[in-house]
Structures are given as C-alpha cells and as structure tokens.
Amino acid sequence: MKLLALVLLAALSLSAQNPPAAPPKKGPGNSPPPEAGDDVRGYNDTPQLPGQKWKVHDMTRPRPVAVTPAPYVNEAPPADAIVLFDGKDLSQWTGQARGGAPQEPKWKVEDGYLEIVPRTGKLVTKEKFGDCQLHIEWLIPKTSTGNGQGIGNSGVELMTRYEIQVLESNQHQTYADGGAGAVYGVWPPLVNPSRPMGEWNVYDIFFEAPRFDGDKLLKPAYITVLFNGVLVQNHKDFLGTTIWRRVGTYTAHPAEQPLSLQDHSQPVRFRNIWIRKIDPSREQ
Ligand code: MG
C-alpha cells in the first residue's frame, strides 16, 4: 500500500508539473485526435461483429461523412397516427427507474418539449408496438458540455431493446457505430446529417419487429431511418438487444413491446412524437 501511495504521489506531482492537457482538437478529415478518450477513439479489444469486418465500436472504422441537411420542416402527424407527445403532457408515458422499477415519469415538460432530467430513469410508452413508423424530434441544449458519448447521449429504444443512438454528432466525434443515427454498436449511419446544438433534429424510423417461434429467432429486427430527411439506415438488422462493447443477442419477447427513451445522464429534449402501427396483413 505504501508503495502504491508513493507511486500515486509521484504521478500526481508529475502531472502537476505538466501544463494542463489541451482540449481535444478535431483531427484531419474523419480521424479523431489520439489524445481523446476511448468514447471518441473507439476500441480494439471488443468482439468481432458477425458478418462484418469490424469489431464492436471499432476505432479503425471510418466515421460517417457530414452532410448538411435541408432546413427543418414541421411534420404534423397523419390522421391515423398515435400521438405519443404533443408538447403538453406525458399522459402516454410511464417512467422506469434505473434498475427497472416502474415509476411516475420524472422528465420535465415545458415550452412544447420534454427534457430528460438526468439520472431519473427512462420514459416508456404505456402502449406497445411491433412493426411501426415512428416520428420523433430531438435537440441537444446549447449549454451542453462533454465529449464522445458524454454529450447529448440518449436513445430511441424500439421495443425497449433496439436502440437508434441520439448524440451530439455535429461538433463532437465518437466511434463510428456510436454516433447519432447509428444502430448502436452495429451499423454507423451512412452519412452524418446532424444539426448543430440548439436546433431540432428529426428521426423518421421504419421498424420491423423480430419474429420468434418460441425461443427460436425466425427473423431479426430490421430498421430504416431517415435523419433530417436523409437516409442513414437502409433496412439494417439488429444483432440482438443493444449493448455496449459486446455483440447483442436476442431473447424472445412478445410481438408488441413499449417504446422507450434512454436516460444517459445528459439533458436532451424531445417533441412531436408520433407513431403508426404497421399491419403486415395490409400488404396485398
Ligand atoms: Mg444512447
């Protein structure tokens, strides 16, 4: 212990003599700076992604190229949509504490949007959904600070399991499969049309629920995502329940499950959330 304390003391006094570390700079092109943390650089000690040449959160995977989207257009819900949030109240939602216990929703509603109150747990819809079309708008407050996965992190969790990442990806970098519009940990967005902090982003999501026969997976979940009107996921599969640094696996679940919004300890705003159930039997 004494030796450890000495080493720690030495390390502290050494770091005290060094000038403070410069804030991470943007690297040339799509390369994050080496001095940035692993949330920015990515990993090389993670498992291989099945069917891909990359590892989970692979530090060498190319970052999506930035694309400036067209200006925001307000898309009001069509007549057959279920409005999950119209700017007024959380009547369509319940809360879920960290650890999973149900609770009253604790996020705040003001000025037509709802905002994550960090570390109060997630929001979960009362209604359950399978195949669906989802419209959801989100904004990272301009006052947000942080880096990598630590700024504007939330997530749209289909069936409470399958996450499309929400993150500040206009000015901040992270590993390719962890930025805004990613099938988190599996598929980076095709391009990066993130708007700056303080502006509303839009996801239009088309989701096919996985199919099970008992415990056996018959068909994985598939997702198509328009991000600010730009295609970023084109019918891509989930490998299972979204998970950090690992390959997700499927656990059989009912055909319909709630939608949830992730609390990742950072304030993110949402508004204009509506969903349409897709009935495959209507395909004739
Ligand atoms: Mg997230």
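A quick note: this is a predicted structure, and the numbers were derived from the prediction, not measured.

Draft legend 1. Summary view of the overall build of the chain. Helix and strand counts for the chain come out as two helices and 16 strands. The contacts in the chain between residues at least 6 apart in sequence include a share of 65% that link residues at least 24 apart.

Draft legend 2. Up close: the nonpolar core. The biggest cluster of nonpolar side chains holds 45 residues, and the ones touching the most others in it are Val156, Val183, Tyr203, Ile205, Ile223 and Phe270. Not counting residues up to four positions away in its chain, the partners in contact with Ile205 are Leu134, Val156, Ile164, Ile223 and Val225.

Draft legend 3. Quick look at the pairing of strand 15 (residues 257-261). Pairing geometry for strand 6 (residues 122-129) and strand 15, over four bridges, is antiparallel. Bridging across to strand 15, Leu123 finds its partner in Leu261.

Draft legend 4. Broad picture of unusual backbone geometry. One non-glycine residue, His57, adopts positive backbone phi at about 55°. Mapped onto the elements, His57 comes out in the loop between helix 2 (38-41) and strand 1 (82-85).

Draft legend 5. The arrangement of the sheet that holds strand 2 (residues 93-96) in detail. Pairing in this open sheet of six strands is antiparallel, and the strands run 3-2-6-15-8-9 from one edge to the other. Only two strands of the sheet have a single neighbouring strand rather than two, namely strand 3 (102-103) and strand 9 (162-166). As judged from the five bridges shared by strand 8 (residues 154-158) and strand 9, these two strands associate in the antiparallel manner. What sits directly across from Ser154, in strand 9, is Val166.

Draft legend 6. Quick peek at the environment of Asn153. Structurally, the position occupied by Asn153 is in the loop between strand 7 (132-139) and strand 8. Ignoring anything within four residues of it in the chain, the contact list for Asn153 reads Val166, Leu167, His264 and Gln266.

Draft legend 7. Layout of the environment of Leu114. Mapped onto the elements, Leu114 comes out in strand 5 (residues 113-115). A count of 23 C-beta atoms within 10 Å places Leu114 in the buried class. Sequence spacing of Leu114 and Val268 is 154 residues, and the spatial spacing of their C-alpha atoms is 8.4 Å. In this view, Leu114 contacts Phe85, Leu90, Trp107, Lys108, Val109, Arg269 and Phe270; residues no more than four positions away in its chain are not counted.

Draft legend 8. The arrangement of the confidence of the model for the chain in detail. Here the chain averages 90 in pLDDT, while 87% of its residues score no lower than 70. Below a pLDDT of 50 lies the segment residues 1-29, which in the model reaches nine contacts outside its immediate sequence neighbourhood of four places, other chains included.

Draft legend 9. Highlighting the environment of Asp45. The residue Asp45 is located in the loop between helix 2 and strand 1 in this model. Separated by 200 residues in the primary sequence, Asp45 and Arg245 have C-alpha atoms spaced 8.8 Å apart.

Draft legend 10. Quick look at the pairing of strand 16 (residues 269-277). Relative to strand 16, strand 1 is paired through three bridges, and the arrangement is antiparallel. Residue Phe85 lies in a different strand from strand 16, and its bridge partner there is Ile273. In this sheet, strand 16 lies alongside strand 5 in antiparallel orientation, the contact comprising two bridges. Across the sheet, the residue bridging to Glu115 is Arg269, located in strand 16.

Conventions used here
Residues numbered from 1 in each chain as written. Predicted model: local features only at pLDDT ≥ 70, side-chain atom pairs only at ≥ 80, totals over all residues. Helix = DSSP H or I, 4+ residues; strand = E, 2+ residues; numbered from the N terminus. Contact = placed C-beta atoms within 7 Å. Core = buried A, V, L, I, M, F, W, Y, C linked by C-beta atoms within 7 Å. Buried ≥ 20, exposed ≤ 12 C-beta atoms within 10 Å, placed from the backbone. Pairing = 2+ DSSP bridges. pLDDT = per-residue confidence, 0-100.

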